[in-house]
Amino acid sequence: MNKNLGLVARAKAGDADAFQMLIHQEKANLYKMAFVYTRNEEDALEVFQETVYKALLSISTLKEEQYFTTWLTRILINSALAYLAKKRKVISLSKDMIENVRDTGNVRLEERIDLLEAMEELEEKYVTVLMLRFYKDYSVKQIAETLDCPEGTVKTNIHRGLTLLKKKLKGEYFDERKNSCL
């Protein structure tokens, strides 16, 4: 972590190589998150590029170096939402989308498709908190900081998002941890 703090400090001071190294460390997660929002490879790349560009322009405004990843994630979320609002297109599920989604271990392809389709139907606020919580493994506090909202709101949105997902999936999948249907 100290190495990254040094890189962030150098990037803030205008060191392009340090900024490039930081982006290189974050690129896979940023792209995957952009892809989940856009559900299209070209659009995800565009959101990723826009995020990097905005981060480069504003790196000097980063207040606390230890929050670089949180700051960058916030830029990506805002870029993705702005891009989608501008584009206003209907996003359909494609084979490419399914192949590019993070491998979820022993989860069958059909289950991933069902989950993606259910996520498509959720409001953006639920998709965002669920992605940050379960995909990026952020704590409630980190999500609240990233989205600049109260922790209670994050908890509520996670709970409501999960409840809506469970309803959309209609208990078709067995939850082995709780030994019951979702």
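Residues numbered from 1 in each chain as written. Predicted model: local features only at pLDDT ≥ 70, side-chain atom pairs only at ≥ 80, totals over all residues. Heavy atoms only, no water.

Quick look at the nonpolar core
Generally speaking, a soluble globular protein has its nonpolar side chains buried in company with each other. In plain terms, the rule: The criterion is simple. A nonpolar core is a set of buried Ala, Val, Leu, Ile, Met, Phe, Trp, Tyr and Cys residues joined through side-chain atoms within 4.5 Å. Exposure categories follow from relative accessible area, calculated using a 1.4 Å probe and restricted to protein chains: below 20% of the type maximum is buried, above 50% is exposed, and the middle band is partly exposed. In this text, helices come from DSSP runs of H or I with a minimum length of four residues, and strands from runs of E with a minimum of two, each type numbered from the N-terminal end. Here the limits of each domain have been adopted from an automatic or database domain assignment. By definition, residues are in contact when any of their heavy atoms lie within 4.5 Å.
Ranked by internal contacts, the top residues of the largest apolar core, which has 46 residues, are Met 33, Phe 68 and Trp 71. Contributing elements (two or more residues each) for this core: α1 (2-12), α2 (16-38), α3 (41-58), α4 (68-87), α6 (109-120), α7 (124-135), α8 (140-147) and α9 (151-169). Built from parts of two domains, this core gets at least three residues from each of domain 1 (1-91) and domain 2 (122-182). Sequence-distant contacts of Phe 68, defined by excluding residues within four places in its chain, comprise Val 8, Leu 22, Glu 26, Ile 59 and Leu 62.

Remarks on α3
To be explicit about the condition: Multiplying 1.5 Å by the residue count of a helix minus one yields the expected span of that helix. Polar contact is the term for a pair of N or O atoms within 3.5 Å; when the atoms are in protein, one must be able to donate a hydrogen and the other to accept it, and sequence-neighboring residues count only if both atoms are side-chain atoms.
End to end, α3 covers 26 Å across 18 residues, agreeing with the expected 26 Å (1.5 Å per residue, within 8%). Restricting attention to buried positions, one finds in α3 the residues Asp 43, Ala 44, Val 47, Phe 48, Thr 51, Val 52 and Ala 55. Packing partners of the buried residues in α3 comprise α2 and α4. Where α3 begins, one side-chain oxygen reaches toward the backbone nitrogen of Glu 42, 2.8 Å away; that side chain belongs to Asn 40.

Some points on α8
Selection criterion: Relevant arc is that of directions from the helix axis to the C-beta atoms, nothing else.
Burial in α8 covers these residues: Val 140, Ile 143, Ala 144 and Thr 146. Taken down its axis, α8 places every buried residue within 165° of arc, on the same side. The inward-facing, buried residues of α8 contact α4, α7 and α9. Backbone geometry just after α8 places Asp 148 at a positive phi near 55°.

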